[in-house]
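Structure assessment
What follows is the residue order along each chain.
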Amino acid sequence: CEGVWRLLLSGALLLFFLASPVLAARSRPKSPPVKPEAEAAWITMDADSGDVIASREPDGPVAPASMTKMMLALLVMEAIRDGQMTLADPVRTSPLASKMGGSQVFLKSGEAFPVEDMMAALLIGSANDASVALAERLGGSVPGALHRMNERAAALGLSRTRFASVHGLPPGAGQEGDISTPRDMARLSQELVKFPDILRWTSTEEAPFRQGAFILRNSNQLIGHFPGADGLKTGHIREAGYNLAATAKRGAVRLITVVMGAGSNRARFVEAARLLEEGFSRYVEVTVARGGQPAGTEIHLPRANGAFRPVPTGDLRVFVKREERETVRTIVEVQSGLRAPVTKGQPVGHLVARIGDREIARVQVVAGVEVRRTFFWWLTPWR
């Protein structure tokens, strides 16, 4: 009997040790799947020219999330530029604005803050309540602001972008959501970086709000850590993944990188830093010709009493790979049918920069001097 009990006990212990790993595996909580960094869509471009340096799936649709606020910020800055409002103008909080969830600065219905403070809350703290308050100040109502946002998107050629909110929060049941692409967000970023105040806000790591009672904290981890980084905006909702519109300037070169759909908060910053660093290391901006200074070869016009060199109306700058900088060549394309006489400052064609047969940039050129007819021009009427 004792032998039987020992046998049964040994069998029970054996079953326990064999089963325990299986039980442990079943009881151990599974980690949520993490999307690899390589699945993010992205684009890197030169901010000045818009030339695309590199991209991966730049036209795939993604919800921009809080990057939606970039269009609202652009409209506010354009309204200030056009004299429709100032940074000191008060922005009153409506009941709707005071009830916004997510990131917020806890605005109370009826209280007002200047545009300056509301824009800081929008771009540093990504505050949804400030977003609604600014939208209502800008467009008279949220629908009015949305109309202007989509109208401006169309004017900029953002053909794959549609804004359904002024803040980027997930849509409610039966509602449409915001949609855009890395290319469209990069184009929008090009417009934003033209405003120094935008970069002043987006390059700020922390700022006081409500006289220091609330601290705005920038969620862009490149600020203060990546050399030259000074913007622009993060965005995240579960459906979209982690988004980032980043910009950095080194010397005369400013780059823009947009990463959308990254699998983690860290992934978007790692990817953006890699893309920006690669852009700065591989590419260089070269000024081929200076505005206002004669450039290119001499132009010989029919019936003219002499040749002249054209003058570019602005700098001709190209953004090329470092190893290509010595291969850039220029030609003057003279306006078809142009004949003497030509007045000083009259457009005469374009100065075109090329690498081989590929055109990479052009600028209009004008006559830097008056070009008169030759005394005997009537003797060569066919010219």
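For the structure, check the block above.
What this report covers is the structure whose coordinates are included nearby. Throughout this description, residue numbers start from 1 for each chain and increase along the sequence as written. Given that the model is predicted, a residue must reach a pLDDT of at least 70 before its local features are reported, and side-chain atom pairs must reach 80 or more before they are shown or counted; all residues, however, enter totals for whole chains, interfaces and linings. Hydrogen atoms and water are omitted, and side-chain values are computed over all heavy atoms in the structure.

Observations concerning the sheet that holds strand S9 (residues 253-262)
The pairing criterion for strands is at least two bridges between them, as found by DSSP. The numbering of helices and of strands both runs from the N terminus, where a helix is a DSSP run of H or I of at least 4 residues and a strand a run of E of at least 2. With antiparallel pairing, the five strands of this open sheet are ordered in space as S2-S1-S9-S8-S7. Lying at the two open borders of the sheet, with one neighbouring strand each, are strand S2 (52-56) and strand S7 (229-237). Taken pair by pair, the neighbouring strands of this sheet meet at an average axis angle of 5°, ignoring direction. In the sheet, S7 pairs with strand S8 (residues 241-250) via eight bridges, with the strands oriented antiparallel. If you follow His-236 over to S8, its bridge partner there is Tyr-242. For helices, the fitted axis covers only the stretch in contact; all axes are lines through C-alpha atoms, and the angles between them, taken along N-to-C directions, range from 0 to 180 degrees.

So, the nonpolar core
What we call a nonpolar core is a set of buried Ala, Val, Leu, Ile, Met, Phe, Trp, Tyr and Cys residues that are connected through their side-chain atoms within 4.5 Å. Here's how the labels work: a residue is buried when its accessible area is under 20% of the maximum for its type, exposed when over 50%, partly exposed in between, all with a 1.4 Å probe on protein chains only. Within the largest apolar cluster, 66 residues are counted, with the highest numbers of intra-cluster contacts made by Met-71, Met-119, Ile-198 and Val-258. With nine residues, helix H2 (residues 69-81) is the single largest residue contributor to this core. Here, residues are in contact when the closest pair of their heavy atoms is within 4.5 Å. Excluding residues within four positions of it along the chain, Val-258 makes contact with Ala-41, Trp-42, Ile-43, Met-67, Pro-182, Met-185, Ala-186, Ser-189, Leu-244 and Ala-245. Counting 26 residues, the second-largest nonpolar core is a separate cluster that includes Ala-295, Val-348, Leu-351 and Ala-353.

Here we look at the side chain of Ser-189
As for its placement among the helices and strands, Ser-189 is situated in helix H7 (residues 182-192). Setting aside chain neighbours within four positions, we find Ser-189 in contact with Met-70, Leu-232, Ala-245, Ile-256 and Val-258.

Quick word on the packing of H2 against helix H4 (residues 115-123)
In the contact formed by H2 and H4, the axes pass within 11 Å of each other and the chain directions differ by 160°. Between H2 and H4, the interaxial angle falls into the category roughly antiparallel. By crossing handedness, the relation of H2 to H4 is classed as left-handed. Across the interface between the two elements, Lys-69, Leu-72, Ala-73, Val-76, Met-77 and Ile-80 from H2 touch Val-115, Met-119, Leu-122 and Leu-123 from H4. Here the angle decides the label: under 35 degrees means roughly parallel, over 145 means roughly antiparallel, 65 to 115 means roughly perpendicular, and every other value means oblique. Note: crossing handedness is left-handed where the near helix turns anticlockwise from the far helix by less than a right angle, and right-handed where it turns clockwise.

Things to note about unusual backbone geometry
Going from Gly-231 to Leu-232, the amide bond is cis rather than trans, its omega being 15°. Its place among the elements puts Leu-232 in strand S7. Each neighbour pair has its own omega, and for Ala-340 with Pro-341 the value is 5°, a cis peptide bond. Mapped onto the elements of the fold, Pro-341 is located in the loop between strand S13 (328-334) and strand S14 (347-355). One non-glycine residue, Glu-57, adopts positive backbone phi at about 50°. Here Phe-106, not a glycine, exhibits a phi torsion of approximately 60°, which is positive. Within the secondary structure, Phe-106 is located in the loop between helix H3 (95-98) and strand S4 (112-114). Given a relative accessible area of 49%, Phe-106 falls into the partly exposed group.

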